[in-house]
Amino acid sequence: MLVEQTDQLGFQFRPPERRIWTVGALVSAVRTHIEREYSDCWVEGEISNLRIPDSGHLYFTLKEESAQIKVVMFRSSAKLLRFRPENGLHVTVRGRITVYDKSGELQISAEFMEPQGAGALQLAFEQLKARLEAEGLFDPSRRKPIPPLPLRIGIITSPQGAALRDILNILARRHHSASVLIYPAQVQGESAPIEVTAGVHYLNRTRQVEVIIVARGGGSAEDLAAFNHEGLARAVAASKIPIISAIGHETDFTIVDFVADLRAPTPSAAAELVIRSRQEIEGQAEELYRRLDRAIRYRLLMARQELSLRTQQGAFARMMDGINRRQQRLDEASFRLERTLRHLLERSYRRWEIASASVRHYDARQRLAAIRQRLDAQTATLTSMAHARLLAGRASLDRRTAALEALSPVAILNRGYALVFDTSGQLIKDATRLKPGDDISARLARGGIRARVNSVEAAPESGVSALE
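Cut-offs applied
- Residues numbered from 1 in each chain as written.
- Predicted model: local features only at pLDDT ≥ 70, side-chain atom pairs only at ≥ 80, totals over all residues.
- Heavy atoms only, no water.
- Core = buried A, V, L, I, M, F, W, Y, C linked by side-chain atoms within 4.5 Å.
- Buried < 20%, exposed > 50% of the residue type's maximum accessible area, 1.4 Å probe, protein only.
- Helix = DSSP H or I, 4+ residues; strand = E, 2+ residues; numbered from the N terminus.
- Contact = heavy atoms within 4.5 Å.
- Pairing = 2+ DSSP bridges.
- Patch = residues over 30% accessible without salt bridge, like charges linked within 9 Å, V, L, I, M, F, W, Y side chains within 5 Å.
- Areas by Shrake-Rupley, 256 points an atom, 1.4 Å probe, with all protein chains shown as cover.
- Salt bridge = Lys/Arg side-chain N within 4 Å of Asp/Glu carboxyl O.
- Axes fitted to C-alpha atoms, helices over the stretch in contact; angles between N-to-C directions.
- Parallel < 35°, antiparallel > 145°, perpendicular 65-115°, else oblique.
- Left-handed = near helix turned anticlockwise from the far one by under 90°.
- Phe/Tyr/Trp six-rings, centres within 6.5 Å; stacked < 30°, edge-to-face > 60°.

S.K.: Give me the nonpolar core: which residues, what numbers.
M.R.: I156, V196, I212, V214, F227, V236 and V259 are the most contacted members of the largest nonpolar core, which totals 29 residues. Those elements that provide at least two residues to this core are α3 (120-134), α5 (192-206), β10 (211-216), α6 (230-237), β11 (243-247) and α7 (255-259). Here this core gets 5 residues from one element, more than from any other, and that element is α6. Leave out the neighbours within four places in its chain, and V214 touches I156, V196, F227, I243, I244, S245, A246 and I247. Counting residues in each nonpolar core, the second largest holds 22 residues, with L58, I69, V93 and I108 among its members.

S.K.: Kindly report on the pairing of β10, identifying the contributing residues and their values.
M.R.: Of all the 6 residues making up β10, 6 are buried; the element is thus mostly covered by neighbouring parts of the structure. Here β10 shows no split at all, with V211, I213 and A215 on one side and I212, V214 and R216 on the other all buried. Sheet topology places strand β8 (residues 152-157) next to β10; 4 bridges connect them, and they run parallel. Within the sheet, the bridge partner assigned to I153 lies in β10 and is V211. Alignment of β10 against β11, held across 5 bridges, turns out to be parallel.

S.K.: With reference to specific residues and values, describe a nonpolar patch on the surface.
M.R.: Among the surface-exposed residues, W21, L26 and V30 lie close enough to one another that they form a single nonpolar patch of about 250 Å² accessible area. By secondary structure assignment, the location of V30 is in helix α1 (residues 23-37).

S.K.: Quick one: what's the story with the packing of helix α4 (residues 162-174) against helix α8 (residues 267-274), residue by residue and with numbers?
M.R.: Across the interface, α4 lies against α8 with an axial gap of 8 Å and an inter-helix angle of 30°. Relative to α8, the element α4 is oriented roughly parallel. For α4 against α8, the interelement crossing comes out right-handed. For the pair formed by α4 and α8, the contact residues are A163, D166, I167, I170, L171 and R174 on the first element and P267, S268, A271, E272 and V274 on the second.

S.K.: Tell me about the pattern of salt bridges, and name the residues and values.
M.R.: Counted according to the given criterion, the structure contains 16 salt bridges. With its nearest N and O atoms 3.1 Å apart, the salt bridge here joins E35 to R325. Here E35 is found in helix α1, whereas its partner R325 is found in helix α10 (residues 314-360), with 290 residues between them in sequence. Each member of the pair, E35 as well as R325, is classed as buried. Taking the shortest distance from any N to any O, the salt bridge between K70 and E105 comes out at 2.9 Å. Within this pair, whereas K70 is found in strand β5 (residues 68-73), its partner E105 is found in strand β7 (residues 105-115), the two being separated by 35 residues in sequence. Each of R31, E35, R96, D101, D321 and R325 takes part in a single network of salt bridges with overlapping partners.

S.K.: So, the packing of aromatic side chains: which residues are in play, and what are the values?
M.R.: Within the structure shown, the criterion is met by 4 aromatic pairs. Ring plane angle 40° and centroid distance 5.7 Å describe the contact between Y183 and Y202, whose orientation is recorded as tilted. Of this pair, Y183 sits in strand β9 (residues 179-184) while Y202 sits in helix α5, and the two are 19 residues apart along the sequence. Judged by relative accessible area, which is 28%, Y202 ranks as partly exposed. Both rings, one in Y349 and one in W352, keep their centres 5.8 Å apart while their planes meet at 25°; by these two values the pair is stacked. Here Y349 and its partner W352 are both found in helix α10, 3 residues apart, which amounts to about one turn of the helix. The class of W352 is exposed, set by a relative accessible area of 54%.

This is the structure:
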């Protein structure tokens, strides 16, 4: 509630209304305003603090002598770069200015980036060439010899290109018995490296040819950029079948030329190099491939137009923006986890070094020798005690055995006595328990007998009954 106040001169005034923002609402409002005002900006600077997590996004700082700003390029845009970003590289970035909600920092959401000075294609070419050369993929000793008279030749190229027609014309004039296997592939555009690589893998897997020609006609640096692809270069280097590169004109060089087993200046020269005697090749169904290529291009064009229309919708853009922001938060959490793990490892390593230093000053052999001496002494004592106990036990056993033998009924039987039992096995001590005709048994010192009572004498003095 606003209350009017009066100052000393009698003037009345009303204090301004106070508006309280939440942090999230303020950052969101500022971000909306900045994104509307700076939706498409070109910014030039030097890359520093470059980070490339597993998600494929790029995080770096664009700086100059007196200022800097953070930049994020999400994977959908980063995978279209033709060069590898590096710290210290001077670049121009295009994108929109925004605010990252979690930290409240100003940043550029980049959609395009190109290096200053040398073009992106030339920079990517030099970076890849230096890296593969350091790995030894350009070493002449690893190149495979080309068979002089191959009967089966594989060609990876566009079925509509002039390079294929030149190769086939020369092969038709030079030899009539060689067969040709053509793997159709795009030789220009984003899909070209993938299709050519698939052709190399297919021909190596099927083993239907003895030599492979990768061919393309001349063109600009942009047209030949597909053959500067790292994946394609490694596939060519790893091929078990010899490969001849026939790309562009004699003055054109690509990465594939350096890793191939033989470089031909032109596609026609490749046909002359691969065949050294007259050959003839059956006619090729080029019109079929041309119609197929036109149909595929038309379908791709229609699909691309439909995708472009869908991506221009606001709901799709907001959804992708939300996904990108959550991916950025996930990357930050990954960075924090990595730092924490690194600190834990460093702390464990320091504790291990301290323990190692303590162990180095401790002579374990002397300690073990003293323990062994005590163990030997205790073992000897235990052995002597056990031996004495065994002797004492044996003497006690002998005494008790003699006593038992003296009290044993069997010993009494040895003096001529007998033990008499009735049919139920009971010992008979009184003759009056028996009557004539009863069966009895007697145990003697050696063996026993069975008998039948003939008569019973009850005289207590004798205590003997007549036996049958």
